[in-house]
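# Working through the structure, step by step
If you want the building blocks of each chain, they are given just below.
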Amino acid sequence: MSKRNYWQRMRRSRMSRRSLLRASARAGVGASGLALVGCGDDDDDAQPSAAQAQEQQQQQQQAMQQEQVQQQQQQATQQEQAQQQAQQQAEAVEQQEQVAVAETPGESEEWSEPWPLDEVDLDATITVVVPSDAGGLDQMRTGSNANLYSHGAVFSAAMEWDPAEGAPIANLAAPEWIDPVTVRASVVPAQFHDGSILTAHDLVFSYERMAGQAAYHQGGETTDHPGGWTPGNVGRSSANWVRNEAVDDRTWSFELPAPDAGFFVVNLTGTGEVVIMSQADTEARGDLAMDTSPMGTGPFRFVSHEDDTDFVYERFEDHFLPADHPVVVPRYAHHKHQRVVVRPEIQSRLAGIEAGEIDVVPGLGPNNVEPYLDDPDFTVQFQPAVGQTVQVIYPNLYPETMPDGSPNPFLDFRVRQAANHAINRQALIDNLLLGQGHYSLFTFSGVYGYPTAEQRAEVEYNYDPELAKQLMAEAGYADGFEVPLYYTTDWGGAFMSDMALAVAQDLAAVGIRTQPEVALVSDYFSDAYVVGGPNRPVGLYWMWANVVRDIGSMWDCCVGPESFFTKLSGEGVIDPALHELYLAQRTELDSTRRQEMIAELMLEHARQAWFIFLVEAPDAVLTRADVNWPKGGRTGFMWGGNAYGIQRRKAT
Amino acid sequence: MDFWNYFALRLIQALFVVLIVATTVFFVSRLAGNPESTLLSPEQRRPEEVERLRKNLGLDKPLIVQYGTFLGNLAQGDFGTSWRGGGQPALDEIGDRAASTLKLGAAGVVFALALALPLGIVAALRRGTAIDWLSRFVAVIGQATPSFWLGLMMIFFFAVQLGWFPTGGDEQGFRSLILPAIALGLFELVAIMRLTRSGMIEVMDTDFIRTARAKGLSERVIIGRHAVRHALLPVVTMLGLSLGRLIGGSVIIEMVFAWPGIGRLIIDSIFKNDFPMVQASIIVLAASIALVNLLVDVSYRLIDPRIRAGDA
């Protein structure tokens, strides 16, 4: 493939996303407004099961409306707003696509869209390769919750996250927001893999289990699992509710203590997703069985797992959503057998796909896929950073002084500005990332409310070493200073060492001389390194962003006042107004306003140069040419949670 | 010292070695990091969750109490349960993986012996000829080639280009075994070949070989019955010692060939701070090597009458 074709593929990827946005908007009309960010109803004509459930829900709603007239009026207003909003968004997406088509005349969308069903071999076996195996298959258990491909195959969630709308959409349950803190959901008539029918009690049970509150094992205290059972995904708010109950077999009711626009984002996307398990099956078979032979409502039945070797799944033929349903939520799988093989060595993974043993190699760096860009036997897709490829550096702001008693230089805004001006990001992108990637902020670019390119341009620090030196001199550091640069090469791709070296050279050129301190990732996120923030010396700590679509995930862990990286309130050094803005967006119900607040928060964080912003690198997925992995579902990208969408073209 | 006293003494020494290793690995693994740093993602690492996890893993107790519990359980053959998913007792997991590693190691040894012995013998008997030169050339190349590089080259040539073998894994039985066994066994092949060659050269110049020739024995009988047996004594010793090297080398080979053996298990467990699995793996390995050394010592004593005579 020529360079031109490579760029064409990139364009296709962008178009794919737009098309996905359009499909999502169409599929989620009304449901988009169901989020905390604006209420509405689900009149999605592409989801018949959800629509049926919606009818029941409307009947229940009428009864409630008689008792709660004021709420009804408020809701009607919100529904109207949400419908208008959804229509506007759908129109906007349409316009985006028209622009995209105009930008790339003659390009087809065949790669980035699902192939037509009559071209797909529905009986195919797809083999995906992953670098490691967490051992167990219980998505809710600490130590087992990293096997994303297994969880994506076997399980589904009550709702899924629509990345286009930044809102939950119906899946196993069709949600209806009664008020800003209460959701009532009608359970769709889905089956578990053992043939039993999903009920609202299973939803209640699953949320309780995820939060470590399930009665049958006292939250894990009396588990039958010989390795113990600790809930693996008690994130920022998964246990944060005042009511989680089944009104009847088909109706689930959930109430938050306060409006929380980020609640379902955290619990519906990424590794923290609350999957739905069968209460009867889990209680009957126990935790060990869940870890060794999981059972859910997902697109695939579990067949076998050999530790550190492979996972095997077979399509669940009775999945409640048809094969032609949009890929945005799990549906009837487009291949019959899925095998996920484990190969720790990247060259072995690539050799496997070259030899035809493997169909898909995800999670590659640009340097890994460069040899395949011109090869017609393979297809390369790039997407924004679904691995830990958002690169930023946190200058430790906890200590007031350096070890020699001099002031912490990074407490001076001018030094932070200088460090940001010192970085030649374009060189990093051109030389290490095949020309892909862009300026990073402190989250990955898929976060809801992420600033637009135009907004980002306003706060981006251009490469200007002379200005950086001037700022250093003004701050009293004309001769520079020395600090350690902490990082791990286990995250961020194979180019991590090169990138750290390049960044260190850039910083040294303006007087910030670094001594590299490399740690294993297992040590890096321990008290010895980043988590020990207050006790750690002044230095530069490399950091990566996760792929949860809500700003809260990164703010709470790594930026805000309770995080391990920064202190931000009390006697803290970071502007407390930022945290107030963060708290305010959590309760903002107007989606447009909330997006503005999130964008402003991120822009202000950048303006004040609290981090040294580097680049957001692309994540590459390599597939054989007759295999198509349409983006979509859950995160909106290609990752373990939506491998059900992978297709193989019929042999001609 | 009679045989049984000798055996008992060596056994006690071996057990002491294992105890030292167990103690060392217990404390060193805890110096290496906290399991919550790998079991909980940064955003999940809230104090209450860390506390709950540490309690479930028994890490909330004082270190000396943990050590006492560890030794007590060890004495009863209880190596604990892996903290990673799956919930298998550590010893069961090691048993499954050890079988896989032993299969690979055995195949590597068979490959090494099958080529090293004849090559070493022939090179010794044909000193200075082309075959001797060739064998020494192969020896230098073999010892200078990193096994991971050799493994990757073999994958690309024999698996990707020629398609003769799978690129990794163990699903295809014997076909899956060939490439990793060769990559693993090459270093041993070279070492055994050199040892055999030098041993044979030394033996062929000894008095008893001259005596055998003077008695009119055929060259075939002299080499087969007398010289080879004598030259192989150090090879037997070396084979015992090579177990440790094979297992150590298998860590790399198992990663390159995605072979689900104990080497991969150890690496994975270390990265995940899975203390029970790290402890159990290292202790089992140490015990295995100590046992093999014990058996080599004992068998050496049985094989070589001079050692028995020396004791007397």
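Residues numbered from 1 in each chain as written. Chains lettered and ligands numbered in written order. Predicted model: local features only at pLDDT ≥ 70, side-chain atom pairs only at ≥ 80, totals over all residues. Heavy atoms only, no water.

## A few points about the sheet that holds strand β17 (residues 540-544) of chain A
Residues and elements named next belong to chain A. An order of β14-β18-β13-β17-β15-β16 is seen for the six strands of this open sheet, with the pairing classed as mixed. Strands with a single pairing partner mark the edges of an open sheet, and in this sheet they are β14 (438-439) and β16 (512-518). Across two bridges, β14 lies against strand β18 (residues 612-616) in antiparallel orientation. If you follow Tyr439 over to β18, its bridge partner there is Val615. On the sheet, helix α10 (residues 413-422) packs against β13 (390-395), β14, β15 (481-487), β16 and β18 and is oriented at approximately 25 degrees with respect to β18. (Pairing = 2+ DSSP bridges. Helix = DSSP H or I, 4+ residues; strand = E, 2+ residues; numbered from the N terminus. Contact = heavy atoms within 4.5 Å. Axes fitted to C-alpha atoms, helices over the stretch in contact; angles between N-to-C directions.)

## A short note on the side chain of A:Arg456
All names here are of chain A. Its place among the elements puts Arg456 in helix α12 (residues 453-459). At 4.1 Å, Glu460 is the nearest oppositely charged side chain to Arg456, a buried residue that forms no salt bridge. At 3.0 Å, the side chain of Arg456 and the backbone oxygen of Pro451 are in polar contact. Apart from the residues within four sequence positions on either side, Arg456 is in contact with His438, Tyr439, Leu441, Tyr450, Pro451 and Leu603. (Buried < 20%, exposed > 50% of the residue type's maximum accessible area, 1.4 Å probe, protein only. Lys, Arg positive; Asp, Glu negative; His and termini not counted. Salt bridge = Lys/Arg side-chain N within 4 Å of Asp/Glu carboxyl O. Polar contact = N/O pair within 3.5 Å; in protein donor to acceptor, adjacent residues only side chain to side chain.)

## Things to note about the confidence of the model for chain B
For any part of a model where pLDDT is low, the fine detail of the predicted coordinates should not be relied upon. Residue and element names in this part refer to chain B. Scored by pLDDT, chain B comes out at a mean of 83, with 89% of its residues at no less than 70. Looking at the elements of chain B, mean pLDDT is at its lowest for helix α14 (residues 305-311), recorded as 62, and at its highest for helix α7 (residues 147-161), recorded as 92. With pTM at 0.75, the complex prediction returns an ipTM value of 0.79. (pLDDT = per-residue confidence, 0-100.)

## Side note on helix α8 (residues 346-354) of chain A
Residues and elements named next belong to chain A. By the burial criterion, the buried members of α8 are Ser348, Arg349, Leu350, Ala351, Gly352 and Ile353. Measuring from the side-chain oxygen of the N-cap residue of α8 to the backbone nitrogen of Gln347 gives 3.3 Å; that N-cap residue is Glu345. Gly356 occupies a position one or two residues after α8 and carries a positive phi of about 85 degrees.

## A look at the environment of A:Ala284
Note that A:Ala284 resides in helix α7 (residues 279-292). Measuring from C-alpha to C-alpha, the distance between A:Ala284 and A:Asn367 comes to 49 Å, with 83 residues separating the pair along the chain.

## Remarks on the sheet that holds strand β7 (residues 251-255) of chain A
Residue and element names in this part refer to chain A. Taking strand neighbours across the sheet as the criterion, the four strands line up as β4-β5-β7-β6 in an open arrangement whose pairing is antiparallel. Looking at the sheet topology across the chains shown, the edges are occupied by β4 (173-179) and β6 (243-248). Adjacent strand axes in the sheet meet at a mean angle of 20 degrees when their direction is disregarded. Sheet topology places β4 next to strand β5 (residues 182-187); six bridges connect them, and they run antiparallel.

## With respect to the packing of aromatic side chains
Residues and elements named next belong to chain A. Evaluation of the coordinates by the stated rule reveals 28 aromatic pairs over all chains. Between the aromatic rings of Phe302 and Tyr313, the centroid separation amounts to 6.1 Å while the plane-to-plane angle is 65 degrees, which identifies the pairing as edge-to-face. You can see Phe302 sitting in strand β8 (residues 300-306) and its partner Tyr313 sitting in strand β9 (residues 310-315), a full 11 residues away along the chain. With respect to class, Phe302 is no different from Tyr313; both count as buried. Above the plane of the ring of Trp115 lies Arg649, whose end atom (NZ or CZ) is 3.9 Å from the centre. (Phe/Tyr/Trp six-rings, centres within 6.5 Å; stacked < 30°, edge-to-face > 60°. Lys NZ or Arg CZ within 6 Å of the ring centre and 35° of its normal.)

## Some words on the pattern of salt bridges
All chains considered together, the criterion is met by 31 salt bridges over all chains. A salt bridge links A:Arg513 to A:Glu482; the nearest nitrogen and oxygen atoms lie 3.8 Å apart. With A:Arg513 in strand β16 and A:Glu482 in strand β15, this residue pair connects regions lying 31 residues apart in the sequence. Since its relative accessible area comes to 32%, A:Arg513 is described here as partly exposed. With relative accessibility at 48%, the residue A:Glu482 sits in the partly exposed group. Residue B:Glu219 is joined to B:Arg213 by a salt bridge in which the shortest nitrogen-to-oxygen separation is 2.7 Å. Given a relative accessible area of 36%, B:Glu219 falls into the partly exposed group.

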